Amino acid sequence: QLVKEDFTEMLRATFPTASSPLQTQMLAHAQFSVSHTWTGQGGKGIPLPQHVEGYLERIRKYVVNDVAQALVIVGDAGSGKTSLLHAAIAQLRKRFPAPDTLIIEHFADASPDSRDPVRWIHKVCSMLQSELGLQLPLAVRPAELLLDFPLWLEAASNTGVKLFLILDGIDHCSLASHSDDPIAFLPKQFPAGVRCIVSTGPGKALTSLAQRGCGAATIRPLDEKQKQILIDGYLQKRKKTLEKKGVAKLLKADRTSNPQFLLDTLEEMREIGVLDGTATMEPMLFYLEADNLQTLTEKAVYRWESAYNGKIIAGSLVRDCLTCIWGSRYGYRRMELAKMLRISAAQMSPLLTCLNHFVRQAAGLVGFQSCVLRDVVQRRYLPSPDAEQEAHRYLSRFFSDPTNALPSRRIQELPWQIARTGDVDELSRCISQAEMFLELDKEAYRPDLWEYISFLEQNDAHLNLGGYCKSSVTAFENLTPRPEPWEVADLTRKFGGLMAEMGFMDVAGQLLVKSMGLWAEATEEDDERVAICAATLAKVLANMRSPEEAEKYFQRAVQIRTRLGKRGGPQVDLAVLLNEHGLHEKRQGHLQEAARTFMRASEIWTRHHGAEHLTVATANLNLSTVFYALNNLVQANDHAAMALEVRKAAVGTGHPLFAEALVNLAAVELARHSQGRARKEAERLLSQGIAIFQRTQGGQHPDTLWARSFVGLDGMEDLDDDDEEEEEEEEKPDAAE
């Protein structure tokens, strides 16, 4: 026991806190950036070459000037774009330190998953939420996240903190749904205080950026002096030497003007023994004959096959190892690779040691260092879509066995691999399996869950997911040993909540009613999970036009949360529930009750968040609509004005949330004043709100059409866009209004 305590204390000291998924992701990208530090350049006492300083000066001028478009770093594969951005980030952090500046870096080649634009946007929004304290809700549906991204940047601009977004390899990021513009996810213009620097090679991405009017800095090939610096730096780092004749060949070769080509050639020379003097210079000529970096990498793979394929029986070690790494999401642990290849770690170690220059190892995961090797492996070993799917199918079978990997790794890889096979039925079974779903439903993995649901929706396979969820509950109930009643109730509740978010109200209602019955058997005490279940069921019933039943469950949820709050005071979750209940009461015409409910929600939110929080603004906006319906225009005006001030401070004057509050205040003023200066001021506010909606949402967006409906009216029949919100609630009952 004492030894165990000592080891536990030692582990806590070594690893003091568990990293969040966001922190782990940021660390992986930071490590990838560091691995691309300039070789032999910019070290202590060694200045960067003049042409590199020229690129950095171009970046410095961009970030200090008032430019709305992104800056583009252009260069071929291996030309040094990532290394340049690494140097730029280091200098920007020195010149623009935190907390006045926030720099968010993202490298598309850090992992296959990093190529997903939605992942980048989710990371940026999460960082804005955690570092800048933005109060906006973070969408989990990919489509909603793409639409919200410009609004997040608008809100970030209002904080006064400079925001620098660095996206390396934008040409490797694309949306399948936007084949006409592969980088449609990138805003065409950025608000004041937000700068975006991207890198790309030739192709559609560069064409799209040029059409947007983006400035560019093109990386030029190395001259002989720069090549010499690179060679000297590499040899010094490796503690090797090279004959003058060999150095001369490298300096004169045209292909070595590409930094990565030069470094890869040197690395292969080291592996063969040329740098030790144990091999002749002939292999250098073999590599220098390559037309480009891709051909050079193919030659390297050919040598690896010749050197290492005899190390295992009845298989191709190089092919199988590289194919497995190609198919990974984040990379693989060495032990996972050994199990996949059915060899020992000792058998695999020589190959991985040889590949050390070409692969990255971050957080213990082995992956490719650049996109070039990935593309070569795909062309050489996976020449068709069927071959690619078969590779992912093999990896999905590997991770389906719980003994092959840790639970956290199975959650990360298994459904992702199945999705890459295109087998929608198997993916539905996987994510609805009880153990997997309970993990994916946690906050850290919710984006993954919705990515898989989005994939099913794109393939019209999401309609059967409710049936899989029901079957999963039945299978879970019949496990041996049998689970506790509360475990079945909680699983059923979470499935019901997911179905409600997807808009399948009938299935959601069935699951939630069953869950309420199971909770009645499982516990007689007040339980937060029962309150969540009752509130979700109430919203589902409200959307199914069963207002009386919905009111019953709303009341039950409020009563449970109120009793739970007596122990430590009313909690924020109670305020959210009260706001939803108030909206339901308002729609049923119970205006006095709705006003009291909204008032109570506002008091709790104010107590927890302060009067300047967006949730308080939401409560004030709802109170304004209720008091208008009660013909109490003075109080309606007061609450509308308070909501406007809070939203102005929180998101600025260019955000749709500000526009909504602006239009609400204008509508109240239009109802109060039929003529005169006050009337003209109300019309001006209305025009301003419409203009913001048109710029941020588009002319045909429901919010824009709602705002336009007040133009030319002396009054109005309903102050807020409740009908639009009600439609939204039918599709997504958990959405806050």
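It should be emphasised that the depicted structure is a prediction, and the values quoted were computed from it without experimental measurement.

## A word on the pairing of strand β2 (residues 101–107)
- With respect to burial, β2 is a largely interior element, seven of its seven residues being buried.
- Of the two faces of β2, the one lined by T101, I103, E105 and F107 and the one lined by L102, I104 and H106 are each fully buried.
- Where β2 meets strand β3 (residues 162–168), seven bridges bridge the pair, whose relative direction is parallel. Its bridge partner being in β3, H106 is matched across the sheet by L167.

## Structural notes on unusual backbone geometry
- The linkage connecting A98 with the following residue, P99, adopts the cis geometry, with an omega of 5 degrees.
- As for its position among the elements, P99 is in the loop between α4 (81–95) and β2.
- Cis geometry is found at the peptide bond from T480 to P481, where omega equals -5 degrees.
- Inspection of the secondary structure assignment puts P481 in the loop between α22 (465–477) and α23 (485–502).
- Although it is not a glycine, K239 adopts a positive phi angle of roughly 60 degrees.
- Note on K239: relative accessible area 74%, which makes it exposed.
- One non-glycine residue, D460, lies in positive phi territory at about 50 degrees.
- Mapped onto the elements of the fold, D460 is located in the loop between α21 (446–458) and α22.
- Judged by its relative accessible area of 62%, D460 falls in the exposed class.

## Looking at the packing of helix α25 (residues 528–543) against helix α26 (residues 547–565)
- Two numbers describe how α25 lies on α26: the axes approach to 8 Å, and their chain directions differ by 155 degrees. With respect to each other, α25 and α26 are oriented roughly antiparallel. When you trace α25 past α26, the crossing you get is left-handed. Taking contact as the criterion, the partners of E528, V530, A531, I532, A534, A535, L537, A538, K539, L541 and A542 in α25 are, on α26, E549, A550, Y553, F554, R556, A557, I560, R561 and L564.
- Class assignment of the residues belonging to the contact of α25 with α26 gives a composition of 15 nonpolar, no polar and five charged.

Conventions adopted
- Residues numbered from 1 in each chain as written.
- Predicted model: local features only at pLDDT ≥ 70, side-chain atom pairs only at ≥ 80, totals over all residues.
- Heavy atoms only, no water.
- Buried < 20%, exposed > 50% of the residue type's maximum accessible area, 1.4 Å probe, protein only.
- Helix = DSSP H or I, 4+ residues; strand = E, 2+ residues; numbered from the N terminus.
- Pairing = 2+ DSSP bridges.
- Axes fitted to C-alpha atoms, helices over the stretch in contact; angles between N-to-C directions.
- Parallel < 35°, antiparallel > 145°, perpendicular 65-115°, else oblique.
- Left-handed = near helix turned anticlockwise from the far one by under 90°.
- Contact = heavy atoms within 4.5 Å.
- Nonpolar A, V, L, I, M, F, W, Y, C, P; charged D, E, K, R; others polar.

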